[in-house]
Amino acid sequence: MPHLEPEAKIFACSQSVHLAEQIAKDYGIPLGRVTFSKYSDGEFQPSYEESIRGLRVFIVCSTFPSTDNLMELLLMIDAAKRASARHITAVIPYFGWARQDRKDKPRVPIGAKLVAKLIETAGATRIMTMDLHADQIQGFFEKPVDHLFASTIFLPYVKSLKLDNLTIASPDMGGSKRAYAYSKFLESDVVICYKQRKAANIIESMELIGEVRGRNVILVDDMIDTGGTLAKAADLMIEKGALSVRAICTHAILSGEAYEKIENSKLSELIVTDSIPLKKESFKIRVVSCAPLFAEVMHMVHHNNSISGKFLM
């Protein structure tokens, strides 16, 4: 009897439905049906509305706050396990709590490690994510991790801009590796911003390492939260003689007054993915969808094909 490959189905948590619909469309299958029952106190329960016995299940869920998103993912993984799914892949375009990847002071948790263990304990057999805040988070999992890079979709867009005198910039010392990787493919110079924080999301001072006069600068980072760092970096670079400043940020958290800061800054454009849905539109924000990338890699994983060709960085 010939070996029959298990069918694949894609499901989504409530805050990632739009992205999951695009992924499913690019994959070539309809998005699976799941409903959420809610109690008056806020408790909720997911329910798969179709059989998943013996199948490969992809659950698309970015785990940005509130914690409901993470809890939805955990419950959906557990439900899939109890419904006898053969493979359960947690597709987490944005892996939340990733900034807590180490003890940076006494008596604090390592939140990223805790989240990894929760996902594994719930029953995920594989994890797929994109642009982790810290690469070493992959080691927090004992299951296979497919860590994708948004550079795969950003680089073609940057090249389409056809900017002369291009310089890639990192908004902090920690992002220098990412900046150098972009500069390698774009054959450009690199500058780095050195910043000191007064507290989380509050910058005390910032200095520029490198020359930007007469250059078109592109800042690259894995996420943008309050927007303070990028706005300050863009203003500083324009003061130093840069012709234009754009920013590439994979995950658009954009909390607090981020939209106002971006619109009032010297940034010409902010390019992000749809790993996190935007709260509102902005004339400076351009979204480049990560759905085709995830759909292609999910298809490769399901058919046991190598995905090494999808890693540009």
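Going by what an unreviewed UniProt entry lists, the protein is known as ribose-phosphate diphosphokinase and is assigned to Flavobacterium kingsejongi. Listed under Catalytic activity (unreviewed entry) in UniProt, the entry text for the protein is "D-ribose 5-phosphate + ATP = 5-phospho-alpha-D-ribose 1-diphosphate + AMP + H(+)".

Peer 1: In this structure, what is going on with the packing of helix α1 (residues 17-27) against helix α8 (residues 291-302)? I would like to understand it.
Peer 2: Helices that pack against each other are described as a pair by the angle of their axes relative to one another and the distance between those axes. Interhelical geometry of α1 versus α8 gives an angle of 55° and a closest axis separation of 8 Å. Relative to α8, the element α1 lies oblique. Seen along the crossing, α1 lies across α8 with a hand that is right-handed. Listed contacts from α8 to Leu19, Gln22, Ile23, Asp26 and Tyr27 of α1 are Ala291, Pro292, Phe294, Ala295, Met298, His299 and His302. Class assignment of the residues belonging to the contact of α1 with α8 gives a composition of eight nonpolar, three polar and one charged.

Peer 1: Just to check I follow, could you spell out the pattern of salt bridges for this structure?
Peer 2: It is possible for side chains of opposite charge to pair when their charged atoms get near one another. Following the criterion strictly, the structure yields 13 salt bridges and no others. With a closest N to O distance of 2.9 Å, Glu50 and Lys9 form a salt bridge. Note that Glu50 is positioned in the loop between β3 (44-48) and β4 (56-60) and Lys9 in strand β1 (residues 8-12), a separation of 41 residues in sequence. Across the salt bridge formed by Lys117 and Glu120, the nearest N and O atoms sit 3.6 Å from each other. In this pair, Lys117 and Glu120 are both assigned in helix α3 (residues 111-122), three residues apart and thus about one turn of the helix distant. In this structure, a network of salt bridges that share partners links the residues Lys9, Arg33 and Glu50.

Peer 1: Please clarify how the side chain of Lys9 should be interpreted in this entry.
Peer 2: Exposure remark for Lys9: the relative accessible area of 16% places this residue in the buried category. Among residues more than four places away in sequence, those in contact with Lys9 are Ile29, Glu50, Ser51, Ile52, Leu55, Arg56, Val57 and Phe58.

Peer 1: Explain the domain arrangement of the protein to me, please; I cannot follow it from the model alone.
Peer 2: Quoted interface sizes are often the accessible area lost when the parts come together. You can read the domains of the protein as domain 1 (8-148) and domain 2 (151-289). Relative to domain 2, the C-alpha centre of domain 1 lies at a distance of 28 Å. Of all residues in domain 1, the largest losses of buried area upon contact with domain 2 belong to Tyr94, Arg99 and Asp131, amounting jointly to 43% of the total for that side. Taken together, domain 1 and domain 2 are joined by two salt bridges.

Peer 1: Is there a simple way to explain the sheet that holds strand β6 (residues 126-130) in this structure?
Peer 2: Strand pairing in a sheet is mediated by backbone hydrogen bonds. Such pairs are either parallel or antiparallel. Overall, parallel pairing links the five strands, which are arranged β1-β4-β5-β6-β7 in an open sheet. Of all strands in the sheet, those with a lone pairing partner are β1 and β7 (145-148), marking the two edges. Within this sheet the neighbouring strands show an average axis-to-axis angle of 15°, counted without direction. Where β1 and β4 come together, five bridges link them in parallel fashion. By the bridge assignment for β4, Ala12 is matched with Val60. α1 rests against β1 and β4 of the sheet, and its axis sits at about 160° to β1.

Peer 1: Can you help me understand the pairing of strand β5 (residues 87-92) in this one?
Peer 2: Of all six residues making up β5, five are buried, and the element is well covered by its neighbours. Relative to β5, β4 runs parallel, the two being bridged by five bridges. In the strand pairing of β5, Val60 is matched with Val91. Between β4 and its parallel partner β5, the chain crosses via helix α2 (residues 67-82), and the hand of that crossover is right-handed. Summarising the sheet, β5 and β6 pair through four bridges and their orientation is parallel.

Peer 1: It is not clear to me how the pairing of β3 should be interpreted in this structure. Could you clarify?
Peer 2: Looking down a regular strand, the side chains alternate between one sheet face and the other. Burial of the side chains of β3 is restricted to one face: Phe44, Pro46 and Tyr48 are buried, whereas none of Gln45 and Ser47 on the reverse face is. Summarising the sheet, strand β2 (residues 34-38) and β3 pair through five bridges and their orientation is antiparallel. Bridged to Thr35 within β3 is Ser47. Linkage of β2 to β3, two consecutive antiparallel strands, is achieved through a turn of five residues, within which Gly42 is found at a positive phi near 105°.

Peer 1: Teacher, can you tell me more about the state of the cysteines here?
Peer 2: What is meant by a disulfide is a covalent connection between two cysteines, made through their sulfur atoms. Scanning the entire structure with this criterion turns up zero disulfides. Looking at the unpaired Cys193, the closest cysteine sulfur is the one in Cys249, lying at 12 Å. Overall, the relative accessible area of 0% leaves Cys193 in the buried class.

Peer 1: Can you walk me through the nonpolar core in this structure?
Peer 2: If you look at the biggest cluster of nonpolar residues, it comprises 40 residues, and the most contacted ones within it are Ile10, Ile23, Met128, Ile248, Phe294 and Met298. Among the domains, domain 1 (8-148) and domain 2 (151-289) are the pair contributing at least three residues each to this core. Ignoring sequence-local partners within four residues, the contact set of Ile10 consists of Ile23, Ala24, Tyr27, Ile29, Leu31, Gly32, Phe58, Val60 and Met298. Cys13, Val57, Ile92 and Ala122 belong to the second largest nonpolar core, which has 33 residues in total.

Reading the values: rules and limits
Residues numbered from 1 in each chain as written. Predicted model: local features only at pLDDT ≥ 70, side-chain atom pairs only at ≥ 80, totals over all residues. Heavy atoms only, no water. UniProt positions renumbered as here; feature names shortened; annotations may be inferred. Axes fitted to C-alpha atoms, helices over the stretch in contact; angles between N-to-C directions. Helix = DSSP H or I, 4+ residues; strand = E, 2+ residues; numbered from the N terminus. Parallel < 35°, antiparallel > 145°, perpendicular 65-115°, else oblique. Left-handed = near helix turned anticlockwise from the far one by under 90°. Contact = heavy atoms within 4.5 Å. Nonpolar A, V, L, I, M, F, W, Y, C, P; charged D, E, K, R; others polar. Salt bridge = Lys/Arg side-chain N within 4 Å of Asp/Glu carboxyl O. Buried < 20%, exposed > 50% of the residue type's maximum accessible area, 1.4 Å probe, protein only. Domains from an automatic or database assignment. Buried area = accessible area lost by both parts, 1.4 Å probe. Pairing = 2+ DSSP bridges. Right-handed = clockwise from strand over helix to strand, strands pointing away. Disulfide = S-S within 2.5 Å. Core = buried A, V, L, I, M, F, W, Y, C linked by side-chain atoms within 4.5 Å.

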